[in-house]
Amino acid sequence: MKKMMNFKKRNYAYASICASILFMCVSCSSDDDAQVVTPVQTPGQIITSTRWQTTEVFVNGGIENKIADYPGTVSVSTWRLTAGETNSGTFEFRNVSDPEGTPRAQGSFELKDGIRILTFPNGSTALATMTRLDSGINEYTQSLPEQVNGVPVQPQNMVIVRVVHKPYPLK
């Protein structure tokens, strides 16, 4: 009887060890199923992570790049978060032909509920709806006067422009 009890205890111990090893193997070997969790960035953190260059301007849903007609939207832009903020800070726009030169426009920005609000030193503001913002594209739509080569068309019509920026320098 005593021999039978030792045999059962030994089998129980072996079964327990095998189950533990099997559990460890299963839980440790599931690297293929492991998901990498990317930290979530705010729109402000994304827009300030790189400099941006205007690459395309489309008018009223068109597919023809009208960048030459809207020179006011064309720039190399730099965005900086204000200390302690995640969606507001300062911006500078420079000419593409002189991306390190004197800013042609600057001010403060706030990104709120998909809207980009720019405030210029003279107190004027510009609103744009952010349509795509990730590490490769900074895109927005904005209502502007219709233009041809930077000159407003008469009579004045308002159009919706979709402006696309890509990380500077372009590759």
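Anything mentioned here points back to the structure above.
Residues numbered from 1 in each chain as written. Predicted model: local features only at pLDDT ≥ 70, side-chain atom pairs only at ≥ 80, totals over all residues. Heavy atoms only, no water.

### Things to note about the pattern of salt bridges
Part 1 of the reasoning: Evaluated as defined, the whole model comprises five salt bridges.
Part 2 of the reasoning: One salt bridge in this structure joins E100 and R51, with 2.8 Å as the shortest N-O distance. Separated by 49 residues along the polypeptide, E100 in the loop between strand 3 (88-94) and strand 4 (105-112) and R51 in the loop between helix 2 (43-47) and strand 1 (52-59) bring together distant segments of the chain.
Part 3 of the reasoning: Taking the relative accessible area as the measure of exposure, E100 reaches 59% and is therefore exposed.
Part 4 of the reasoning: One salt bridge in this structure joins E92 and R94, with 2.8 Å as the shortest N-O distance. Assigned by exposure class, E92 and R94 land together as buried.
Part 5 of the reasoning: Put simply, R80, E92 and R94 are held in one network by salt bridges that share partners. (Salt bridge = Lys/Arg side-chain N within 4 Å of Asp/Glu carboxyl O. Helix = DSSP H or I, 4+ residues; strand = E, 2+ residues; numbered from the N terminus. Buried < 20%, exposed > 50% of the residue type's maximum accessible area, 1.4 Å probe, protein only.)

### Notes on the packing of aromatic side chains
Part 1 of the reasoning: Within this structure, the stated rule accounts for five aromatic pairs.
Part 2 of the reasoning: Centre to centre, the rings of W79 and F91 are 5.7 Å apart; their planes meet at 40 degrees, and the pair counts as tilted. Of this pair, W79 sits in strand 2 (residues 76-81) while F91 sits in strand 3, placing them twelve residues apart in sequence. Residue W79 shares its accessibility class with F91, and that shared class is buried.
Part 3 of the reasoning: Between W79 and F93 the ring centres are 5.9 Å apart and the planes differ by 65 degrees, which places this aromatic pair in the edge-to-face class. You can see W79 sitting in strand 2 and its partner F93 sitting in strand 3, a full 14 residues away along the chain.
Part 4 of the reasoning: Look at W79 and you get buried, because its relative accessible area is 3%.
Part 5 of the reasoning: The exposure class assigned to F93 is buried, which follows from its relative accessible area of 13%.
Part 6 of the reasoning: Grouped by ring-pair contacts, the aromatic residues W79, F91, F93, F109 and F120 constitute a single cluster. (Phe/Tyr/Trp six-rings, centres within 6.5 Å; stacked < 30°, edge-to-face > 60°.)

### Some remarks on the sheet that holds strand 5 (residues 115-119)
Part 1 of the reasoning: Pairing in this closed barrel of eight strands is antiparallel, and the strands run 1-2-3-4-5-6-7-10 around the ring. Sheet twist, expressed as the mean angle between neighbouring strand axes with direction ignored, is 35 degrees.
Part 2 of the reasoning: Sheet topology places strand 5 next to strand 6 (residues 125-133); five bridges connect them, and they run antiparallel. Bridge pairing links I115 to T129 in strand 6. (Pairing = 2+ DSSP bridges. Axes fitted to C-alpha atoms, helices over the stretch in contact; angles between N-to-C directions.)

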